[in-house]
Amino acid sequence: MASKQPQSITQSLLSRAHSPDSAARLFADKIQHRTLHLRPSSPPPSNAREARRRARLKRDSERKKALKPKPLSARQRRKLGLYEVPKSGQKYAIYEPLHKLWVGYIREILGNEVYTGGQGAAAKLASADFHGAAVEVVRSGCVSRVGIKGIVVRDSRFVFEVVTEKDVVKTVPKEGTIFRVEVPAGDGEDDVGGKEKDGPGGKEKKGKAGSGKFIFELHGEQFRYRPADRATKKFKTHFLKKL
């Protein structure tokens, strides 16, 4: 005759509070066949500091992602056409007010040096923004680009995008190109063609070439920087072999 196995303390306690069937069922479900969930143990003391640092960085990155949206990638910006001037916006008349704003901006930067020029003016022009400037290609490694004239609608690292008076946007590389820029030095409203308003009647007269204007040339070879980068960059004068 097989001997009866002794009950555990848990079974004896359950049998006091429940019937034999209920006590057996509770013991089997809650204790004998209960699943045991394991979790990783804490890192050893030698790596505890590194683990806390990684956890803190992960927590901070998740917090930043929740507060600040992820910026668009370069591929997404190109796909959305953020770098392209729409066909409806390729009109010279649209950018004439921008050119007037740029003239006021560059006069404020140059101050009295708009009349005298010099190295001080050159340093200020090198770090200026040329969105809205009226430029003309006077020398280029590609002869077909010489004579292109218009208002800069985009000043990127390697090219100027210029809208001409014929409502055409042309992309001119800075490499191997020299641009001429004219800044009206007087108080009159001078446009790109050199017309000046005379008197309250608004009569226009043709001025002499270069009269009342500060004319300078940009060597695109040494100007291949974005406007944001030029604002903080210090340019140094050095000899250019190609001139």
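Just above, that's the structure.
Residues numbered from 1 in each chain as written. Predicted model: local features only at pLDDT ≥ 70, side-chain atom pairs only at ≥ 80, totals over all residues. Heavy atoms only, no water.

Describing the nonpolar core
To be explicit about the condition: The term nonpolar core refers to a set of buried residues drawn from Ala, Val, Leu, Ile, Met, Phe, Trp, Tyr and Cys, joined through side-chain atoms within 4.5 Å. Burial here depends on accessible area, computed with a 1.4 Å probe over protein chains only, as a share of the maximum for the residue type. Under 20% is buried, over 50% is exposed, and the range in between is partly exposed. For helices the rule is a DSSP run of H or I covering at least 4 residues; for strands it is a run of E covering at least 2, with both sets numbered from the N terminus onward. Note on contacts: a residue pair is in contact if any heavy atoms of the two residues lie within 4.5 Å.
With 25 residues, the main nonpolar core has Trp102, Phe130, Phe214 and Phe216 as its most contacted residues. Those elements that place two or more of their residues in this core are helix H5 (92-110), helix H7 (119-126), strand E1 (134-140), strand E3 (159-164), strand E5 (177-184) and strand E8 (213-219). In this view, Phe214 contacts Leu110, Glu113, Val114, Gly117, Ala121, Leu125, Val181, Glu182, Val183 and Ala185; residues no more than four positions away in its chain are not counted. Tyr92, Tyr95, Val153 and Val163 belong to the second largest nonpolar core, which has five residues in total.

Considering the sheet that holds strand E4 (residues 169-173)
Inclusion rule: Any two strands between which DSSP finds at least two bridges are classified as paired. To obtain an axis, a line is fitted to C-alpha atoms, over the contacting stretch when the element is a helix, and the angle between two such axes runs from 0 to 180 degrees between their N-to-C directions.
In spatial order, the strands read E4-E3-E2-E1-E5-E8; together these six strands make up an open sheet with antiparallel pairing. A strand with exactly one partner marks an edge of an open sheet, and here the two such strands are E4 and E8. If you compare each strand with its neighbour and ignore which way they point, the axes differ by 40° on average. Here E5 pairs with E8 via seven bridges, running antiparallel.

Concerning the side chain of Thr164
Within the secondary structure, Thr164 is located in strand E3. Ignoring anything within four residues of it in the chain, the contact list for Thr164 reads Tyr92, Ile148, Lys149, Gly150 and Lys170.

Some details on the pairing of E1
Relative to strand E2 (residues 149-155), E1 runs antiparallel, the two being bridged by three bridges. Directly across from Val135, in E2, lies its bridge partner Gly150. In this structure, E1 lies alongside E5, joined through five bridges in antiparallel fashion. Considered in E5, the bridge of Val137 is made with Phe179.

Looking at the side chain of Asp155
Our working rule: Here a polar contact is recorded for every N or O atom pair within 3.5 Å, except that within protein the pair must consist of a potential hydrogen donor and a potential acceptor, and residues adjacent in sequence are included only if both atoms are side-chain atoms.
Considering the arrangement of structural elements, one finds Asp155 in strand E2. Here Asp155 falls in the buried class, since its relative accessible area comes to 5%. Looking at Asp155, its side chain comes within polar contact range of the side chain of Lys174, at 3.0 Å. Those residues in contact with Asp155, other than ones at most four positions away along the chain, are Asp129, Phe130, His131, Phe160, Lys174, Pro227 and Arg230.

A look at a nonpolar patch on the surface
The criterion, for reference: Every patch collects residues that have over 30% relative accessible area and no salt bridge, joining them within 9 Å if they carry like charges and within 5 Å if they are nonpolar side chains (Val, Leu, Ile, Met, Phe, Trp, Tyr). Values of accessible area rely on a 1.4 Å probe in the Shrake-Rupley scheme; residue burial ignores everything except the protein chains shown. Salt-bridge detection follows one rule: a side-chain nitrogen of Lys or Arg within 4 Å of a carboxyl oxygen of Asp or Glu.
Together, Leu72, Leu80, Leu82 and Tyr83 make up an exposed nonpolar region whose accessible area comes to about 390 Å². Summarising the element assignment, Leu80 is placed in helix H4 (residues 74-80). By relative accessible area, Leu80 is classed as exposed at 56%.

Considerations on the packing of aromatic side chains
Put simply, the rule is: Two rings from Phe, Tyr or Trp (for Trp, the six-membered ring) form a pair when their centres are within 6.5 Å of each other. A pair whose planes differ by under 30 degrees is stacked, one over 60 is edge-to-face, and the rest are tilted. A ring is scored as having a charge over it whenever the NZ atom of a lysine or the CZ atom of an arginine sits within 6 Å of its centre and within 35 degrees of its normal.
Following the criterion strictly, the structure yields four aromatic pairs and no others. Each ring, one from Trp102 and one from Phe130, has its centre 5.8 Å from the other, and the planes form 40°; the classification is tilted. With a gap of 28 residues between them, Trp102 in helix H5 and Phe130 in the loop between H7 and E1 connect regions that are remote in the sequence. The class for Trp102 is buried, based on a relative accessible area of 2%. Given a relative accessible area of 0%, Phe130 falls into the buried group. Each ring, one from Phe160 and one from Phe179, has its centre 5.0 Å from the other, and the planes form 80°; the classification is edge-to-face. Taken as a pair, Phe160 in strand E3 and Phe179 in strand E5 lie far apart in primary sequence, 19 residues in all. Neither Phe160 nor Phe179 differs from the other in exposure class; each is buried. Cluster of aromatic residues (ring-pair linked, three or more members): Trp102, Phe130, Phe214 and Phe216. Lying over the aromatic face of Phe160, Lys174 brings its terminal NZ or CZ to 4.7 Å of the ring centre.

Digging into unusual backbone geometry
For Asp167, which is not glycine, the phi dihedral falls at a positive 60°. For Asp167, the location among the structural elements is in the loop between E3 and E4.

Description of the pattern of salt bridges
Under the criterion given, the structure shown has seven salt bridges. Where Glu50 meets Arg53, a salt bridge forms, and the shortest distance between an N and an O atom there is 2.7 Å. Of this pair, Glu50 and Arg53 both sit in helix H3 (residues 48-67), three residues apart, which is roughly one turn of the helix. Residue Arg53 is classed as partly exposed on the basis of its relative accessible area, which comes to 36%. Across the pair Asp155 and Lys174 runs a salt bridge whose closest N-O atoms are separated by 3.0 Å. Of this pair, Asp155 sits in strand E2 while Lys174 is found in the loop between E4 and E5, placing the two residues 19 residues apart along the sequence. For the pair formed by Asp155 and Lys174, the shared burial category is buried. A cluster of three or more residues bridged by salt bridges with shared partners is formed by Glu50, Arg53 and Arg54.

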